[in-house]
Amino acid sequence: MILNIAMDGPVGAGKSSIAKAVADRLGILHLDTGAMYRAVGLSAIRAGVDLQDENAVTEHTKKIDVSVAHSATGQRTIVDGEDVTDFIRTPEVSMAASTVGKYLGVRREMVAIQQKLAATTPMLVDGRDICVRVLPNAPVKIFLTASAEERARRRWLQMVEKGDTTPYEDVLRDLRARDAQDMNREVDPLRPTEDAKIVDTTNMNFEQTVEYILKIVEETIHE
Ligand code: DC
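Only a predicted model underlies this, so the values are computations on that prediction, with no experimental measurement involved.

Student: Which residues make up the side chain of arginine 107, and what values go with them?
Tutor: Along the chain, arginine 107 falls in helix α5 (residues 104-120). Side-chain polar atoms of arginine 107 contact the backbone oxygen of glycine 101, separated by 2.6 Å. Look past the residues within four positions of arginine 107 in its chain and what remains in contact with it is Tyr37, Gly101, Asp129, Arg185, Val187 and Asp188.

In C-alpha cells:
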C-alpha cells in the first residue's frame, strides 16, 4: 500500500515546514498544495484576471498547466513550464490563493492533479481539504493548528528576520481575514474531520511537533 499522510490546518500553523520535516524523516515526498493555489493566484494576477470573477478565474485555471517537481531543497511549483516558486510567497499572492481557492472549478482542477500524484507516490500532502477531499482514505490524518495570536507571532518573527517592518497587528489582521475566507467558503471549507488527530502546537516547538506527529504516524500504522 502507498503511504499517504493527509495534513490540514490554518494559515501559519507551520504546516509547510513541519510537513517537510516529517516527510523527510519518513523518506517520502511532501506535496504542498497551498503552493498550487498560490501558483493559480499568481498566474491570474499576471494575466489581469479579475479574482472576484469566478468564471474568469476558472476558465484561466483550465487553460494553464500547474505542476510540481521535487528537488533536494523541496518542492518547486511550475506554471506552463516556468518555475514560480520564488514569486508565490508575497502577501498579495497569499490572499489571491485564498480567493481562487473558493471556486469549485479551480478546486476540481487542483484536486485532480493532487490525487493523481498521491495515487502512485508515497507522500505527505498538506493543505486545507486534504482529509476531506483529496485523500479521504488516507491512513493517517492530522489537523495542525495553534492559536491565531501564536500563528501571527510566528509569521511576524519570520518577517522581522527578513527585515520586514510590518507591524504584528497587521499580520494578525491578515491572518484572521484569510482564516475567515478559508473556513467560511462554501466548497470544502477548512475544518478538522472526525477521524483527524488534532495537533495544537501553541505550546510546542518545531522539534516537539515533528516528533509528536511521527509518533502518531507510527502508532496509526501499527494499529
Ligand atoms: O497553505 P498556504 O497558506 O500556502 O495556502 C494558501 C491558500 O491556498 C490558502 O489560504 C487557501 C488555499 N488553499 C486551499 O484552498 N486548499 C488547499 N488544499 C491549500 C491551500
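Next comes the rest of the description.
Student: Which residues make up the packing of aromatic side chains, and what values do they have?
Tutor: Counted according to the given criterion, the structure contains one aromatic pair. Between tryptophan 156 and tyrosine 168, the ring centres sit 6.2 Å apart and the planes meet at 85°, which makes this aromatic pair edge-to-face. With a gap of 12 residues between them, tryptophan 156 in helix α7 (residues 148-161) and tyrosine 168 in helix α8 (residues 168-184) connect regions that are remote in the sequence. Using a relative accessible area of 28% as the deciding quantity, one classes tryptophan 156 as partly exposed. According to the relative accessible area criterion, tyrosine 168 is partly exposed, its value standing at 23%. The aromatic ring of phenylalanine 87 is capped on one face by arginine 46, whose charged end is 5.5 Å from the ring centroid.

Student: With reference to specific residues and values, describe the sheet that holds strand β6 (residues 123-127).
Tutor: Sheet architecture is open: five strands sit in the order β2-β6-β1-β7-β8, paired in parallel fashion. Since the sheet does not close on itself, it has two edges, and those belong to β2 (29-32) and β8 (197-200), each with one partner. Ignoring strand direction, the axes of neighbouring strands in this sheet form an average angle of 20°. Sheet analysis places strand β7 (residues 140-145) next to β8, joined by four bridges and oriented parallel. Each bridged residue has a counterpart across the sheet, and for phenylalanine 143 the counterpart in β8 is isoleucine 198. Those strands touched by helix α1 (residues 15-26) are β1 (4-8), β2, β6 and β7, and its axis lies near 175° from that of β6.

Student: Residues and numbers for the side chain of arginine 128, please.
Tutor: By secondary structure assignment, the location of arginine 128 is in the loop between β6 and α6 (130-134). For arginine 128, a relative accessible area of 16% corresponds to the buried category. Engagement of the side chain of arginine 128 in a polar contact is seen with the side chain of aspartate 182, the distance being 3.3 Å. Those residues in contact with arginine 128, other than ones at most four positions away along the chain, are Asp8, Gly9, Pro10, Val11, Lys15, Arg178, Asp182, Arg185 and Leu190.

The rules we used
Counting starts from 1 at the beginning of each chain's written sequence and moves along it residue by residue. Local features in this predicted model are restricted to residues of pLDDT 70 or higher, and side-chain atom pairs are both shown and tallied only at a pLDDT of 80 or more, whereas totals for entire chains, interfaces and linings draw on every residue. With hydrogens and water stripped out, all remaining heavy atoms of the structure feed into the side-chain values. Secondary structure follows DSSP: runs of H or I at least 4 residues long count as helices, runs of E at least 2 residues long count as strands, and numbering of each begins at the N terminus. Any N or O atom pair separated by 3.5 Å or less is treated as a polar contact, with the protein-specific requirement of one donor-capable and one acceptor-capable atom, and with residues adjacent in sequence counted only for side-chain atom pairs. Residues count as neighbours in contact if any of their non-hydrogen atoms are within 4.5 Å of one another. Pairing of aromatic rings covers Phe, Tyr and Trp, the last counted by its six-membered ring, and requires centre-to-centre distances within 6.5 Å; plane angles under 30 degrees mean stacked, over 60 mean edge-to-face, and any other angle means tilted. Think of it in three bands: residues with accessible area under 20% of the maximum for their type are buried, residues over 50% are exposed, and the middle band is partly exposed, with areas taken using a 1.4 Å probe on protein chains only. Two thresholds decide whether a charge sits over a ring: the Lys NZ or Arg CZ must be within 6 Å of the ring centre and within 35 degrees of the ring normal. Two strands are counted as paired when DSSP detects at least two bridges linking them. Convention adopted: a line fitted to C-alpha atoms gives each axis, helices being fitted over their contacting stretch, and angles between N-to-C directions are expressed from 0 to 180 degrees.

Everything listed is a geometric property; what it means functionally is a separate question.
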